[in-house]
Each structure stands twice: as structure tokens, then as C-alpha cells.
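Structure at a glance
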Amino acid sequence: MKKIIFSIVFLTLGWATSKAQTFNLGVKAGVNLAKLNADFASEENRLGYQIGAWARIGGASFYVQPEAYIGSKGNKFISITQDNGNEVAAEGKVKFTTLDVPVLLGTKFGAKNLNFRLMAGPVISFVLDENSSFSSAYQQATDFDNYKNQALGLQAGAGVDVGSISVDLRYEAGLSNISKSEKYSQKPNLFQLSLGFKIL
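Residues numbered from 1 in each chain as written. Predicted model: local features only at pLDDT ≥ 70, side-chain atom pairs only at ≥ 80, totals over all residues. Heavy atoms only, no water.

1. Some thoughts on the overall build of the protein
As a reminder, the rule being used: Secondary structure follows DSSP: runs of H or I at least 4 residues long count as helices, runs of E at least 2 residues long count as strands, and numbering of each begins at the N terminus. For the exposure calls, accessible area comes from a 1.4 Å probe over protein chains only, and a residue counts as buried if that area is under 20% of its type's maximum, exposed if over 50%, partly exposed in between. The criterion used for residue contact is that any of the two residues' heavy atoms lie within 4.5 Å.
Regarding its fold elements, the protein presents two helices and nine strands. Along the protein, helices and strands appear, N-terminal first, in the series α-β-β-β-β-β-β-α-β-β-β. A buried classification covers 42% of the 200 residues belonging to the protein. For the protein, long-range pairs separated by at least 24 residues make up 68% of all intrachain contacts whose partners lie at least 6 apart in sequence.

Right, dumping it as C-alpha cells:
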């Protein structure tokens, strides 16, 4: 599935480059509100960050926007188990530093110095660093194992450009299980708000 997605992405990038009327390059920074959806415990959203760069290739209304940025994502799990009739709370925390590479297809409308955008596309996240801590009770209850070093997701959202400034609001849904556990699936999901600046 990954090969098919990347083949489509590269073909689209090649087509957009050949038809491009405009090319823009910029930097961005923002915040994430992330969690790992799991079926074995309740989750708490964790605040993170993102910082990186983007390019925009396209014509009057259609564009392709590849990006690369460093991001921080995490989650806190709370699981209630029974021990001799008593409820016992166990918890775990995990925090990732990732390199995220989305390739978004979008459309824009409006004036030259004020336009609105809609975009969607796949994103692959490479885990650069993982910091996790789990209680022994939590590990026994969930058969916790380490996390994989990459995950595939889908982003969709909207944005607005005012001159050289851009603001984006997106939702990212995890498509692949990032946990190595054989019992439970964990998929990262997050909202992100970013501020960008066009430098070219």
C-alpha cells in the first residue's frame, strides 16, 4: 500500500512540476494536540510542536505542497484493572520526536494577496526519538512492547494566505499501527495549527 501511495505522490509531483506556473518556498512553525488512539485504555491529549519548511508547486487554483518538519507528539494512557476486587489505576506515557513528510494536494481561491486553501494528502512520520515510561502493572495488562520507527497517516485541512503569511489548521488521522504489540493497535491522531512565512 505504501508503494502505491508513494508512486501516486511522485507521479503527481512530476505532473505538477511540469505544469507549474508558480513555485513558492517557505518556513513554518506551530503546535500539535496529539494522542494515540487505543482500545485498551483512556487517552489524554498532549501538546507538542512542529517546525520545518514547505514548498508549493502549481497553477492558478491547483497546487501540490510537499513539506518536511520536526514534530513532537505524545500520549498519556490511564488503564483501570481489577486486583482482588479492588480497582487499580495504571498509567503510561510516551513522547515521540518525529520527522514528518506530508505531500498535500490542494486548491485555492481568492485574490493574489488574500486567498483561502483546502488541502489533503498522505504523510509519513519517521520516529527520531522515543521517550516512554510505563508502570509494571500497565505493561502486564497491555503486553506493551516498543514502537515502530515510522507511521503512515492522512492529513486534511484548510488554510489562508495573507501576503507572505499563511495559517493552516489540519487534522491528521493515523492509518498504520505504530505499536509492536501483538494484542493492541495504537494509531497517532492529532490536530495541528501552524504559522508559515513565504520566503520565495
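After that view, the rundown keeps rolling.
2. Some remarks on the side chain of R170
Counted only if it meets this: In protein, a polar contact means a hydrogen-donor-capable atom and an acceptor-capable atom, both N or O and within 3.5 Å, with residues adjacent in sequence counting only if both atoms are side-chain atoms; elsewhere, any N or O pair within 3.5 Å suffices.
For R170, the position within the fold is in strand β8 (residues 165–174). Within the structure, R170 has its side chain in polar contact with the side chain of E67 (distance 2.6 Å). Of the polar contacts made by the side chain of R170, one reaches the side chain of Q155; its length is 2.9 Å. Setting aside residues up to four positions removed in sequence, R170 forms contacts with K28, Q65, E67, P102, L104, M119, Q155, A156, G157, L190, F191 and Q192.

3. Some thoughts on the environment of Y147
Position of Y147 relative to the elements: it lies in the loop between α2 (136–142) and β7 (150–162). Judged by relative accessible area, Y147 falls into the buried class, the value being 5%. Spatially, the C-alpha atoms of Y147 and V127 are 8.9 Å apart, while their sequence positions differ by 20 residues. A polar contact is formed between the side chain of Y147 and the side chain of Q186, at a distance of 2.8 Å.

4. Remarks on the pattern of salt bridges
Put simply, the rule reads: Take a side-chain nitrogen of Lys or Arg and a carboxyl oxygen of Asp or Glu: if they are within 4 Å of each other, that pair is a salt bridge.
Per the counting criterion, the structure on display carries eight salt bridges. The salt bridge partner of E172 is K73, with a shortest N-O separation of 3.8 Å. Remark: K73 occurs in strand β4 (residues 62–83) and E172 occurs in strand β8; sequence separation between them is 99 residues. Both residues of the pair, E172 and K73, count as buried. Among the salt bridges present, the one from R117 reaches D168, with a minimum N-O distance of 2.5 Å. Residue R117 is found in strand β6 (residues 114–134), and its partner D168 is found in strand β8; the two are separated by 51 residues along the sequence. Shared partners join several salt bridges into a network, and the residues in it are K28, R56, E67, R117, D161, D168 and R170.

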